[in-house]
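Residue-level listing of the chains:
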Amino acid sequence: MKQVLFWNARGARRTVFLNHFFSFTSLLDDSLLIIYETKLSTKRAQKVFSSLLRRFNMFVNPAAGASAGIIAFWPKAWGNIHFVFTSPFSIHGVLATGGTPWILSAIYAPQSSQLQSLLWSELTTISRLGFPHLILGDFNASLLQSDKLGGKPVDASPKSKNLLSFFSSSSLIDLPFTGHRFTWSNNHRKPSSKILIRLDRGFASSTWRDIHPFSHIENIARIASDHCPCILYLHSR
C-alpha cells in the first residue's frame, strides 16, 4: 500500500463529487480510499459505486438516516481487509505493512460534544489493544488555535477541549502535513464571516510511526466539497 485517500464527501451521490472521486481511483494505484459523511445506505452505495466493484473491494458503514456514513475501497488484489468493529461514526480495520499488523480507525466525528466524547472513549479502547494505531478522518473540532482562522477562539469550545484531552491522554502523534493549512471552509465570501479550520487530520501511535517514519499527509485544494481531499503517504516521495 502506497497511500490512503480520506475525504469528507458531504453526500457521495452528488455528480460533481463522483466525477472527482472516480478520477482519484484512477490516479492513486495500490491505495486505500476512504470517504465519509457519504449519507448513503448500503444498498444505495452498491448502486452508486457499481462501476468500481470490478477493480475494488468495498466496505460500507451505512449512514444513519441522512447523516454520517463511511465507505472504504481497496484493490481486489489485496484480498480482504478485516473490519473488526464499527460504530455509527467509525470503522476499525486490521492491516499489515512489512508483515506488522496495525489498526486503522477511519472516523467521522459527530457534531454533538457528548457523542464526540463517546467516540474518543471508543478510540481510547482501540488504542489500548496494543497494536500500532492510525486514526484518520474528520474530527469536527480544532486541536489548537493555529488550526483555526475566524470564528470563536478554540479554547472556548468544549469539543476542542475534549479532543485535546483525548489526544494528550492517548500519547498520540499529530501526523505532519503539507499543502493547505485548513481543510474546511464555511465558504463565506465576506472576510469578517469567513471561517477556516483544520478538521481533517491523522493521529498515530508512536509504534505506528516507527513502522512508517516518513509518513505525511497532503491536503489538496478543496474540490466538490467544503472539505479538502487528504492523502496520507506511507513513504517518502
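Residues numbered from 1 in each chain as written. Predicted model: local features only at pLDDT ≥ 70, side-chain atom pairs only at ≥ 80, totals over all residues. Heavy atoms only, no water.

(A) View of the sheet that holds strand β4 (residues 70–75). The sheet built from seven strands is open, its strands ordered β3-β4-β2-β1-β16-β15-β11 with mixed pairing. Each having just a single partner strand, β3 (56–61) and β11 (177–179) make up the two edges of the open sheet. Strand-to-strand twist in this sheet, taken as the mean axis angle between neighbours without regard to direction, amounts to 20 degrees. Sheet topology places β11 next to strand β15 (residues 216–219); three bridges connect them, and they run parallel. When the bridges of β15 are listed, G179 appears paired with N219. Relative to strand β1 (residues 3–8), helix α1 (residues 15–27) is tilted by about 175 degrees, and along the sheet it contacts β1, β2 (31–36), β3 and β4. (Pairing = 2+ DSSP bridges. Helix = DSSP H or I, 4+ residues; strand = E, 2+ residues; numbered from the N terminus. Axes fitted to C-alpha atoms, helices over the stretch in contact; angles between N-to-C directions. Contact = heavy atoms within 4.5 Å.)

(B) Structural context of the environment of K159. Within the secondary structure layout, K159 lies in helix α4 (residues 158–169). Along the chain, K159 and S117 lie 42 residues apart, while their C-alpha atoms are 8.3 Å from each other. Once residues within four sequence positions are removed from consideration, K159 is found in contact with Q111, S113, Q116, N140 and A141. Within the structure, the side chain of K159 is placed 3.2 Å from the backbone oxygen of Q111, a separation counted as a polar contact. (Polar contact = N/O pair within 3.5 Å; in protein donor to acceptor, adjacent residues only side chain to side chain.)

(C) How the structure looks around the sheet that holds strand β10 (residues 173–174). Read from one edge of the open sheet, six strands run β5-β6-β7-β8-β14-β10, paired in mixed fashion. Here the strands that pair on one side only, and so sit at the sheet edges, are β5 (82–87) and β10. With five bridges joining them, strand β8 (residues 133–138) and strand β14 (residues 200–204) adopt antiparallel strand pairing. Along β14, the bridge assignment pairs G137 with R201. Lying on the sheet, helix α3 (residues 113–127) is in contact with β5, β6 (90–97), β7 (100–108) and β8; it crosses β7 at an angle near 180 degrees.

Taken by themselves, the reported measurements are silent on function.
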